[in-house]
Amino acid sequence: MAATQKILQYKQPESTYDVIIVGGGLHGLSAAYYLAKYHQVKRIAVLERQYIGSGGSGRNTEMVRANKRAHETLPFYKESLEMWDGLSAELEWNLLVQKKGLIALAHSDGEVDAMRMQGDAQRRAGIKIDMLSPQEIKRMVPALDISDRTALPVVGAQFHPEGGTVHHDAALWGYAKAACRLGVDICEGVEAVGFNVEAGRATGVKTNVGEISADKIHIAVGGYSSQIARMLGVKFPVVTIPMQVMTTELMAPFLDYYVASPRLHWYTQQTLKGDLILGGQLDPWQSWKSYNTWEECSERVASILEYFPDLAHARVVRSWSGLCDCTGDSAPVMGPSGIEGLSLDVAWGYYGFKSTPAAGKYSAEYIVKGKVPEKIKHFGLDRFFNRSRVREIII
Ligand SMILES: Cc1cc2nc3c(=O)[nH]c(=O)nc-3n(C[C@H](O)[C@H](O)[C@H](O)COP(=O)(O)OP(=O)(O)OC[C@H]3O[C@@H](n4cnc5c(N)ncnc54)[C@H](O)[C@@H]3O)c2cc1C
């Protein structure tokens, strides 16, 4: 009889560790994995106050891409996108990586020009980008209405062939399982409620189950970074805004690509299972709410239906929301916190899923070597205080 293999082993924390990671989302789990696998750090704990994946990592719309604009961020996103390709084999877990291609629609000549300019920057960074005519879009997405019937007709699109999707739950289990195999303690139901800082150096975490000491502490708490900043007394320029998502009933396959309208704030993709994910803009105000609103859902459905009129019969069967922790320059905060021994990997807004592999890899490198790696040197917290913010676009 085949031996049963426990997928994950959840632990109560020990009293001391080499590295404590606060936050059991993808960023915390991937950092734990890279620390154990490539830096041979032995005693690592991931503290998660709920269950792993209860934050944005289990709520996102699974889009992976590298079509940002800023020269400071493009090499990072390109590497992260490439890293997904080899991850299923590395983690020994099928992450259902589908580089299906991403089509971003333009509804005016101005948008086409802006996409061409972004495309130049993206191609210079080695990212594959093409422009599509309405006829080419129609051939690729027959269900899309490109006629003049719509209020803002489709006049072109940017095509990012290497963009696509990865199954977010599979990614979570893949990293968590691999980290467990390497001896990482994943401690669910353990909440960081404060920190011990002595002479400017972090020495431990206060939790709901007692104090735990550590040589290094790494923060990867998604939408809760400002709460941690308050505990630490660190000034932190982040606002937390929910994003709502819906999904339809299952349908026969009809949509091969990820299709987005940055101008109209919606995007959609058909999953392998057959349902259609309907994503869109952030809520208009800051909060930590986790419910959906009729206004946002109905507006989103109306906007997508205008371009996919054949979907009028489809039923929305589920909706959820999650938190996006956003900075003013649409780039994350990684590396030093200003407190020795305590590092950050937060403020990933709505682009943290795609960033998981590279964020985990470079967080681990920074934690071990104490030197900020080249690829994340523009993501430091200090950029908000010395006028060196990233020139990113919000798409
Ligand atoms: C609706 C939605 C759609 C999105 N779509 C995409 C997309 O298509 N592509 C993309 O790239 N990104 C997307 N994102 C963004 C992406 O989901 C996040 O950036 C990413 O999941 C962040 O991962 P994380 O591990 O940093 O945080 P999380 O997954 O949020 O994990 C943080 C964890 O920390 C825990 N925690 C918090 N405070 C404490 C504490 N004090 N002690 C212990 N544990 C604590 C939380 O419970 C949580 O589990 C989307 C986000 C949302 C909300």
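Residues numbered from 1 in each chain as written. Predicted model: local features only at pLDDT ≥ 70, side-chain atom pairs only at ≥ 80, totals over all residues. Heavy atoms only, no water.

Chemist: Whenever I open this one, helix α3 (residues 109-124) confuses me. Can you help?
Modeler: Three- or four-residue spacings in an α-helix give side chains the same orientation, since the helix completes a turn every 3.6 residues. Compared with an ideal rise of 1.5 Å per residue, which puts 16 residues at 22 Å, α3 spans 23 Å between its outermost C-alpha atoms and is within 8% of the ideal. For α3, the complete set of buried residues consists of Glu-111, Val-112, Met-115, Gln-118, Gly-119, Ala-121 and Gln-122. One or two steps after α3, the chain reaches Gly-126, where phi turns positive at roughly 90°. (Helix = DSSP H or I, 4+ residues; strand = E, 2+ residues; numbered from the N terminus. Expected span 1.5 Å × (residues − 1). Buried < 20%, exposed > 50% of the residue type's maximum accessible area, 1.4 Å probe, protein only.)

Chemist: I tried to follow helix α2 (residues 74-91) on my own but got confused; where do I start?
Modeler: The terminal C-alpha atoms of α2, which comprises 18 residues, lie 25 Å apart, in line with the 26 Å expected from a rise of 1.5 Å per residue. Along α2, the sharpest kink reaches roughly 45°, centred on Asp-85. The set of residues buried in α2 consists of Leu-74, Phe-76, Tyr-77, Glu-79, Ser-80, Leu-81, Met-83, Trp-84, Leu-87 and Leu-91. Where α2 terminates, the next one or two residues include Glu-92, which has phi positive at roughly 55°. (Bend = angle between axes of the 7 residues up to and from the residue.)

Chemist: Is there a simple way to explain the site of the ligand in this structure?
Modeler: As a structural note, the neighbourhood of the ligand is formed by 38 residues, with Glu-48, Gly-56, Ser-57, Thr-61 and Lys-354 the closest of them. Here an oxygen atom of the ligand and a backbone polar atom of Gly-56 are 2.9 Å apart. Within the contact set of the ligand, an oxygen atom lies 3.4 Å away from a backbone nitrogen or oxygen of Gly-349. At the level of secondary structure, the elements contributing two or more residues to the shell around the ligand comprise α1 (26-38), β2 (44-48), β12 (239-248) and β16 (316-326). By residue number, the principal contributor to the shell around the ligand is β16, which donates three residues. (Near = heavy atom within 4 Å. Polar contact = N/O pair within 3.5 Å; in protein donor to acceptor, adjacent residues only side chain to side chain.)

Chemist: Honestly, the packing of α1 against helix α8 (residues 356-369) in this entry has me stumped. Any pointers?
Modeler: Between two packed helices, the angle of one axis relative to the other and the distance separating the axes together describe the packing. Look at α1 against α8: their axes get within 8 Å of each other, and the N-to-C directions meet at 55°. When the axis of α1 is compared with that of α8, the two are oblique. For α1 against α8, the interelement crossing comes out right-handed. Between α1 and α8, the contacting residues are Leu-26, His-27, Ser-30, Ala-31, Tyr-34 and Leu-35 on the first element and Thr-356, Pro-357, Ala-359, Gly-360, Lys-361, Ser-363, Ala-364, Ile-367 and Val-368 on the second. Of the residues that constitute the contact of α1 with α8, the class distribution is nine nonpolar, five polar and one charged. (Axes fitted to C-alpha atoms, helices over the stretch in contact; angles between N-to-C directions. Parallel < 35°, antiparallel > 145°, perpendicular 65-115°, else oblique. Left-handed = near helix turned anticlockwise from the far one by under 90°. Contact = heavy atoms within 4.5 Å. Nonpolar A, V, L, I, M, F, W, Y, C, P; charged D, E, K, R; others polar.)

Chemist: In this structure, what is going on with empty space enclosed by the protein? I would like to understand it.
Modeler: A water-sized probe rolled over the atoms picks out the places where empty space is left. What the rule picks out here adds up to one cavity of 30 Å³ or more. Considering only enclosed or pocket space, the largest cavity measures out at about 70 Å³ in volume. Lining the largest cavity, in full, are Ile-219, Ser-225, Ile-228, Ala-229, Leu-232, Val-234, Phe-236, Ser-337, Leu-344 and Leu-381. Sorting elements by how many residues they give to the lining of the largest cavity places helix α6 (residues 225-232) first, with four residues. (1 Å grid on protein atoms, 1.4 Å probe; cavity = no way out; pocket = protein on both sides within 12 Å on 5 of 7 lines; lining within 4 Å. Points joined across faces, edges and corners; volume = space filled by probe spheres on them.)

Chemist: Got a minute to help me understand the packing of aromatic side chains in this structure?
Modeler: Any aromatic ring pair is given by two values, namely how distant the centres are and how the planes are angled relative to each other. Tallied over the entire structure, the rule returns 16 aromatic pairs. Residues Phe-76 and Phe-379 carry aromatic rings whose centres are separated by 5.4 Å and whose planes lie at 80° to one another, so their mutual orientation is edge-to-face. Of this pair, Phe-76 sits in helix α2 while Phe-379 is found in the segment after α8, placing the two residues 303 residues apart along the sequence. We note that Phe-76, like Phe-379, is buried. Both rings, one in Trp-266 and one in Tyr-307, keep their centres 5.9 Å apart while their planes meet at 40°; by these two values the pair is tilted. One end of the pair, Trp-266, is in strand β14 (residues 266-270); the other, Tyr-307, is in helix α7 (residues 294-307), with 41 residues separating them in the sequence. Here Trp-266 matches Tyr-307 in class, with each residue buried. For the cation-ring pair, Lys-68 lies above Tyr-351, with the distance from its terminal atom to the ring centre recorded as 4.1 Å. (Phe/Tyr/Trp six-rings, centres within 6.5 Å; stacked < 30°, edge-to-face > 60°. Lys NZ or Arg CZ within 6 Å of the ring centre and 35° of its normal.)

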